[in-house]
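Examination of the molecular architecture
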Amino acid sequence: MVTQHTEDAIVAGVRSGDEAVFAQLLNDWSRSMLLLARTFVSTEASAEEVVQDTWLAVIRGIDRFEGRSSLRTWVYRILVNTAKRRGLRESRTVPWSNLTDEERGPTVDPALFRDADDQHPGGWRSFPREWHSAEASVLDSEVRTTVREAIDLLPDRQRIVITLRDVMGHSSDEVCQMLELSGPNQRVLLHRARAAVRACLSSYLEVD
Amino acid sequence: MSNLSCQEFVELVTDYFEGTLDADTVERFDEHRALCPGCETYLQQMQETVSRLGEIPVESLSEEMQSTLLSAFRDLRR
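So, a few notes on the structure that sits alongside this text. Since this is a predicted model, take the numbers as computed values, not measurements.

Looking only at helices and strands, chain B has five helices and zero strands in total. In summary, chain B has a C-alpha radius of gyration of 22 Å against a globular reference of 12 Å for 78 residues, an excess of more than 25%. A principal-axis box enclosing the C-alpha atoms of chain B has dimensions of 65 × 25 × 15 Å. Considering only residue pairs separated by 6 or more positions, chain B has 54% of its internal contacts joining residues 24 or more positions apart. Working note: accessible area of chain B is about 4000 Å², and carbon and sulfur atoms make up 48% of it. Of the side chains in chain B, 6 bear a positive and 16 a negative charge, and the two mean positions are spaced by 16 Å.

Shown next, in the form of structure tokens:
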């Protein structure tokens, strides 16, 4: 991760042609840039080209970077502009502003809770089962595979938000800026996605 | 001040982690959590889910594109 105090050194490195610095940036940022680009264009190949064009623009334009925003914000803004131009050509738009009723609905199966006429309406019918602890015999690599498969099953918007936030570690503010998404809508998508991944993990990790 | 049901509790977990609940709701959330083992388990499992997500390795650009960009960098910044 790039921190504020290393940012000046990174900008200087890119300007002076330090290949190791540039290679590190490519390595650290390209994956989330690909994901972000993919939300504006229709194919993986298009997204790769958007990321490539963005890096070329960064290499050419780094001398014009004035440090008024963070380097990352500057780079991602170039990416979004590049991707949007291309998305217009491909007439692809991912709507980020409006959530569907389904997306706003419950994230846990209502059948797991007691009915409205019960003595404890909305209480668990039976508590969620405990999971195997981390020290138990469950293999981390298998858990990672389960998590990865769960992410792949999510609808586009949820998959993008949970990947940027929880897998890649971007902050809430960064993700809202990148996707031009409101804070509350971002949290709705993130919460749905986490609940879905938890449900998949549950079927794998529950103690019998 | 009304009590939260379990069904309401599970929908507030991410807002709770993100620190976006108002003080009154946080109080009701914490009270519920202290009294309800099922919801405490759910909360812990959501927390573990988030940390498991953070352990997934992230792929980057194809090697081919990396080398294309690195040679462009060499040509343009020399």
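Core analysis: the biggest nonpolar cluster contains 62 residues, and Trp55, Leu71 and Leu179 of chain A have the highest contact counts within it. When residues of this core are assigned to their parent elements, the largest contribution, nine residues, is made by helix α2 (residues 19-38) of chain A.

The tally for this structure, following the rule as stated, stands at 18 salt bridges over all chains. In this structure, the salt-bridge partner of Glu206 of chain A is Arg129 of chain A, at a minimum N-O distance of 3.7 Å. You can see Glu206 of chain A sitting in the segment after α9 (183-205) and its partner Arg129 of chain A sitting in the loop between α5 (101-104) and α6 (140-153), a full 77 residues away along the chain. Where Asp24 of chain B meets Arg28 of chain B, a salt bridge forms, and the shortest distance between an N and an O atom there is 3.9 Å. Taken as a pair, Asp24 of chain B and Arg28 of chain B lie in helix α3 (residues 23-35) at a separation of four residues, close to a single helical turn.

Cut-offs used in this document
- The numbering scheme is per chain: residues are counted from 1 as the chain's sequence reads.
- Working convention: letters from A go to chains and numbers from 1 go to ligands, in the order in which they are written.
- The predicted nature of this model means local features are confined to residues of pLDDT at least 70 and side-chain atom pairs, given and counted, to a pLDDT of 80 or more, with totals for whole chains, interfaces and linings taken over all residues.
- Think of the side-chain values as coming from all heavy atoms in the structure, minus any hydrogens and water.
- Numbered from the N terminus, helices here are DSSP runs of H or I no shorter than four residues, and strands are runs of E no shorter than two.
- When we talk radius of gyration, it's over C-alpha atoms, and the globule rule is simply 2.2 Å times the number of residues to the 0.38.
- Pairs of residues are marked as contacts when any of their non-hydrogen atoms sit within 4.5 Å.
- Per-residue accessibility takes into account occlusion by the displayed protein chains alone, with areas from the Shrake-Rupley method and a 1.4 Å probe.
- Neither His nor the chain ends is counted toward charge; the positive residues are Lys and Arg and the negative residues Asp and Glu.
- To locate a charge, the coordinates of NZ of Lys, CZ of Arg, CG of Asp or CD of Glu are taken.
- For our purposes a nonpolar core is just a set of buried Ala, Val, Leu, Ile, Met, Phe, Trp, Tyr and Cys residues, chained together by side-chain atoms within 4.5 Å.
- Exposed residues in this analysis have more than 50% of their type's maximum accessible area, buried residues have under 20%, and partly exposed residues fall in between, with area computed by a 1.4 Å probe over protein chains only.
- Any carboxyl oxygen of Asp or Glu that lies within 4 Å of a side-chain nitrogen of Lys or Arg is treated as forming a salt bridge with it.

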